Amino acid sequence: MTDEFEQVILVDEADEALRDGDKWQIHQDGLLHRAFSIFVFNAAGECLIQQRANGKYHSAAKWANSCCGHPRPGEATSVAAARRLEEEVGLRVPLTFGFKSRYVAYLDNDMIENEIPHLYFGRTDAPPVLNPDEVQAVKWVTLEALAKDIAHAPERYAAWLRHYIEAHPAELADWRSRV
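Procedures and definitions
- Within each chain, residue numbers correspond to sequence positions counted from 1 in written order.
- Per-residue local features of the predicted model are confined to residues with pLDDT of at least 70, and side-chain atom pairs are confined, for both listing and counting, to 80 or more; whole-chain, interface and lining totals are unaffected and use all residues.
- For side-chain calculations, the full set of non-hydrogen atoms in the structure is used, while hydrogens and water are omitted.
- Convention adopted: a line fitted to C-alpha atoms gives each axis, helices being fitted over their contacting stretch, and angles between N-to-C directions are expressed from 0 to 180 degrees.
- Helix and strand definitions here come from DSSP, where helices need a minimum of 4 consecutive H or I residues and strands a minimum of 2 consecutive E residues; each element is numbered from the N-terminal end.
- Here is the rule for angles: anything less than 35 degrees is roughly parallel, anything more than 145 is roughly antiparallel, 65 through 115 is roughly perpendicular, and the remaining ranges are oblique.
- Handedness of a crossing follows from how the near helix is turned relative to the far one, being left-handed for an anticlockwise turn of less than a right angle and right-handed for a clockwise one.
- By definition, residues are in contact when any of their heavy atoms lie within 4.5 Å.
- Paired rings are identified among Phe, Tyr and Trp, the last through its six-membered ring, by centres lying within 6.5 Å, and are further divided according to the angle between planes into stacked (under 30 degrees), edge-to-face (over 60) and tilted (the rest).
- Relative accessible area decides the class of each residue, using a 1.4 Å probe on protein chains only: under 20% of the type maximum gives buried, over 50% gives exposed, and in between gives partly exposed.
- Note on criteria: charge over ring means Lys NZ or Arg CZ within 6 Å of the ring centre, with the direction from the centre no more than 35 degrees off the ring normal.

What follows is about the packing of helix α3 (residues 143-152) against helix α4 (residues 159-167). Their axes nearest at 10 Å, the elements α3 and α4 cross at an angle of 115 degrees. Considering their axes alone, α3 and α4 lie roughly perpendicular with respect to each other. For α3 against α4, the interelement crossing comes out left-handed. Across the interface between the two elements, L143, L146, A147 and I150 from α3 touch L161, R162, I165 and E166 from α4.

Structure (structure tokens):
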């Protein structure tokens with residue numbers, strides 16, 4: 001399924017589903033929708049981050065967290081998260097729900113992210129297997145080094161990763177030690 005025809009779940013501020021909508025149109029109109037973001041850590045406590053593929057319709061070539069996306073209508077968010085983690089970076093990792101966040105970001109190509117993402121956490125030392133349509137590179141980095149580099153060069157990073165690092169540093173550090 002290509003991005004242009006994929007459906008996402010529109011929600012209200014309480015994250016209650018309202019209706020389905022075209023992913024492309026939702027991002028053009030900036031409508032509130034459900035999403036997920038995954039942070040995978042290794043045994044050393046480093047976080048896997050990915051550099052989005054050059055062909056992505058927004059935030060191309062920017063660094064993002066381990067995986068992110070949108071559940072499909074009728075798909076549990078946890079199922080969508082596991083599915084996309086395997087599709088993007090080839091990892092099958094037990095994921096644990098951590099918390100929800102909320103943000104709005106104005107992106108390139110006149111796109112707007114207006115999301116309530118569910119954040120999931122996992123741990124693995126398995127090597128990622130990249131889907132080149134989604135990801136062009138990955139690296140393991142500490143949260144502290146990531147925060148420092150985001151402060152130094154925010155333009156290299158996806159808006160949502162900047163949001164998580166800036167708005168939820170204690171929660172991310174806590175989950176790093178839990179999984």
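Our next topic: the packing of aromatic side chains. Scanning the model with the defined rule gives seven aromatic pairs in all. Considering the side-chain rings of Y103 and Y164, the 6.3 Å spacing of their centres and the 80 degrees angle between planes classify their relative orientation as edge-to-face. Note that Y103 is positioned in strand β8 (residues 103-106) and Y164 in helix α4, a separation of 61 residues in sequence. Overall, the relative accessible area of 6% leaves Y103 in the buried class. Classification of Y164 as buried rests on a relative accessible area of 0%. Here the aromatic cluster, defined as three or more aromatic residues joined through ring pairs, consists of F39, F99, Y103, F121, Y164 and W175. It is K139 that lies over the ring of W63; its NZ or CZ is 4.6 Å from the centre. Sitting above the plane of the W175 ring, R178 keeps its charged end 4.1 Å from the centroid.

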